[in-house]
Amino acid sequence: MASPNPSNDKSSQKAPAAKNESSITPRSVSYSDWYLDVIRQAELAEHSAVRGCMVIRPHGYSIWEKMQRELDDRFKATGHVNAYFPMFIPLSFLTREEQHAAGFAKECAVVTHHRLKAIDGVVQVDPDSKLEEPLVVRPTSETIIWNQYKNWIQSYRDLPLLINQWANVVRWELRTRLFLRTAEFLWQEGHTAHATEQEALEETAKMLDVYADFAQNVMAVPVIKGRKTPGERFAGALDTMCIEAMMQDGKALQAGTSHYLGQNFSKAADVKFLNREGKLEYVYATSWGVSTRLVGALIMTHSDDGGLILPPKLAPIHVVIVPIYRKDDEKERVFAEADKVKAELCAKGLTVKFDDRDNMQPGAKFYEWESKGVPIRIEIGPKDLDKGVLCLVRRFVLDQPGESVEDQRKRRKSFVPRAEAIEGIPTILAGMQKELYDRALAFRNSRTRIIDTIEDFERFFKQEGGGFAWVHWAGTGDDEDQMSKRFETTIRCIPLPDQIPSEAQGSGTCILTGKPSAQRVIMAKAY
RNA sequence: CGGGGCGUAGCGCAGUCCGGUAGCGCGCCUGCUUUGGGAGCAGGAUGUCGGAGGUUCGAAUCCUCUCGCCCCGACCA
């Protein structure tokens, strides 16, 4: 499943404790192998028979469902409603907006026929079933949605129109990676229509805030809000705002975008409304989206060499109970207690799994649930029953310098009086949620530099591992390309004013051209 | 589209150079013993060797064609 060939030199570096069972390549050996191993071991997703398309397995899909719920609640709370539009877009719709069409032209799946037929005993595309107009499988839905909005919007009283869609989209990428870039992916796309530019701009910013809030408070992933340079803008947008996160290898991941589309799409679809003054005017638009790529961001932000780590707010299972027993009478007592503990925790709104499999030893269960990222494990054995305690084991504790794996394992485990344990678990989970965020933020800070010279820039990315570089920039698009060729870095975003740390504020001179620069941008290598 | 790799049991692979009864590990099934950090022993089941042609007494192996996937580049959320 992972890389077929390098397995030889890889296996020699695997954890010595692992004997027969497949394990996870340490991050220090190969970050990309580690990423794939975590996904395989946690049973999140796998490659499908279709090139570039993944199968999202139940555990991975549960995480996505949790994300959907949290996001959807936030969309509703900001006045949006859900709807659904077709996945097929007539070619002529897509080409109505020139920039947009050009931007997606190279990655479109196109439906050209509508029927199969047995020819010489072989079932194949019936050449006689050619469509008069090809249908493009949506790479994004602006054009088909705005075609419909034309019918829905006549007056300023019809505005704003605030609609979101949960859907799949297809972008025929040549290079794919599970969750991060797949030919088909799941996402949500908001498409709003407004009477004024001001209101549309506010919507664009508001939804970016929703994404940032979700990323930081639910995913525990710190992000920087900013805008893209013209070269990195969404095809057809006047302004693209984004949130950027840093992964554990120091690379940036765009975690969400919110676009101000101006009147580009309303003009393309001819959507006008009568304003209060009785004049016809084109509608102002926004669109915004996040995708299953966020699952990849989650993995790459928090997980460790033992596998997946999930923030409790997105964990499909909060607590797993592993029973320990020898004889039948022990099993009976332990199972009865496990059922009770489970019921009491469920009553607190937690999702609890009682792992009652009899064909697997406790140790094997420990490894399995840890690699799947369950935040808390409760071991229940006869000794605990006798003492009236619960054995709580956290999925992770914060690293202490020089600590051995064994010592850390001990520190993750605690024996707590039963009532106190059950009462305290929600607090522990909340603490873990916060620790994950703080840890990720501390990591990002440790890999962030304010850089003023090309020499320092080069040293940062070529010798010090790289990360986020705050640099002054006043270059052109060509200058950006030059930086990209030399250092494999791009401008991730022009941070919003309130995102800039005090030491990075103020004007200066462009790191490449020496021209005056009003503010710093973030440069990084990116996924 | 260029370069590389790989298709053999559910998964991971050996066997291919040099043609001769289809193998290994894990997993799976049965039984017994185990169970607080990846269990042990014994027995058992599992294959259109990616597909199609060809050479041959005989093809996983040689030849031709073909399909697919993965990795590296160009393109991208």
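Everything quoted here is computed from the prediction, not taken from an experiment.

About the criteria used
Residues numbered from 1 in each chain as written. Chains lettered and ligands numbered in written order. Predicted model: local features only at pLDDT ≥ 70, side-chain atom pairs only at ≥ 80, totals over all residues. Heavy atoms only, no water. pLDDT = per-residue confidence, 0-100. Contact = heavy atoms within 4.5 Å. Axes fitted to C-alpha atoms, helices over the stretch in contact; angles between N-to-C directions. Helix = DSSP H or I, 4+ residues; strand = E, 2+ residues; numbered from the N terminus. Parallel < 35°, antiparallel > 145°, perpendicular 65-115°, else oblique. Left-handed = near helix turned anticlockwise from the far one by under 90°. Nonpolar A, V, L, I, M, F, W, Y, C, P; charged D, E, K, R; others polar. Phe/Tyr/Trp six-rings, centres within 6.5 Å; stacked < 30°, edge-to-face > 60°. Buried < 20%, exposed > 50% of the residue type's maximum accessible area, 1.4 Å probe, protein only. Expected span 1.5 Å × (residues − 1).

A. Examining the confidence of the model for chain A more closely. Scored by pLDDT, chain A has a mean of 92; 95% of the residues are at 70 or more. Overall, residues 1-21 carries pLDDT values under 50, and its contacts beyond four positions in sequence, including any with other chains, amount to 14 contacts. The ipTM, which scores confidence in the relative placement of chains, is 0.87 for this predicted complex, and the corresponding pTM is 0.94.

B. Seen up close, the packing of helix H2 (residues 31-41) against helix H9 (residues 293-302). Orientation of H2 relative to H9, taken along the N-to-C sense of each, is 115°, at an axis distance of 11 Å. As far as their axial angle goes, H9 and H2 are roughly perpendicular. Note on packing geometry: the crossing formed by H2 with H9 is right-handed. For the pair H2 and H9, the contacting residues are Tyr31, Trp34, Tyr35, Val38 and Ile39 in the first and Gly296, Ile299 and Met300 in the second. Its residues placed into classes, the contact of H2 with H9 shows 7 nonpolar, 1 polar and no charged.

C. Expanded view of the packing of aromatic side chains. Going through the model one piece at a time under the given rule, you end up with 16 aromatic pairs. Here tyrosine 31 and tryptophan 34 contribute two aromatic rings whose centre-to-centre distance is 5.0 Å and whose plane-to-plane angle is 35°, an arrangement assigned as tilted. Note that tyrosine 31 and tryptophan 34 are positioned in helix H2 at a spacing of 3 residues, about one turn of the helix. Accessibility assignment for this pair places tyrosine 31 and tryptophan 34 in one class, buried. Measuring from centroid to centroid gives 5.0 Å for phenylalanine 335 and phenylalanine 354, while their planes differ by 75°, and the two rings are edge-to-face. Remark: phenylalanine 354 occurs in strand E18 (residues 352-354) and phenylalanine 335 occurs in helix H10 (residues 328-346); sequence separation between them is 19 residues. We classify phenylalanine 335 as buried; its relative accessible area is 17%. By way of ring pairs, the aromatic residues Trp64, Phe75, Trp166, Tyr211 and Trp288 are connected into one cluster.

D. Spatial organisation of H10. The terminal C-alpha atoms of H10, which comprises 19 residues, lie 27 Å apart, in line with the 27 Å expected from a rise of 1.5 Å per residue. Listing the buried residues of H10 in full gives Glu330, Val334, Phe335, Glu337, Ala338, Val341 and Leu345. Of the surrounding secondary structure, the elements contacted by the buried residues of H10 are strand E17 (319-323), E18, strand E19 (376-380), helix H12 (382-387), strand E20 (389-394) and helix H14 (418-446).

E. Inspection of the environment of valine 471 at higher detail. Tracing the sequence through the fold places valine 471 in strand E23 (residues 468-472). Residue valine 471 is classed as buried on the basis of its relative accessible area of 0%. In this view, valine 471 contacts Ile451, Phe457, Ile511, Gln519, Arg520, Val521 and Met523; residues no more than four positions away in its chain are not counted.

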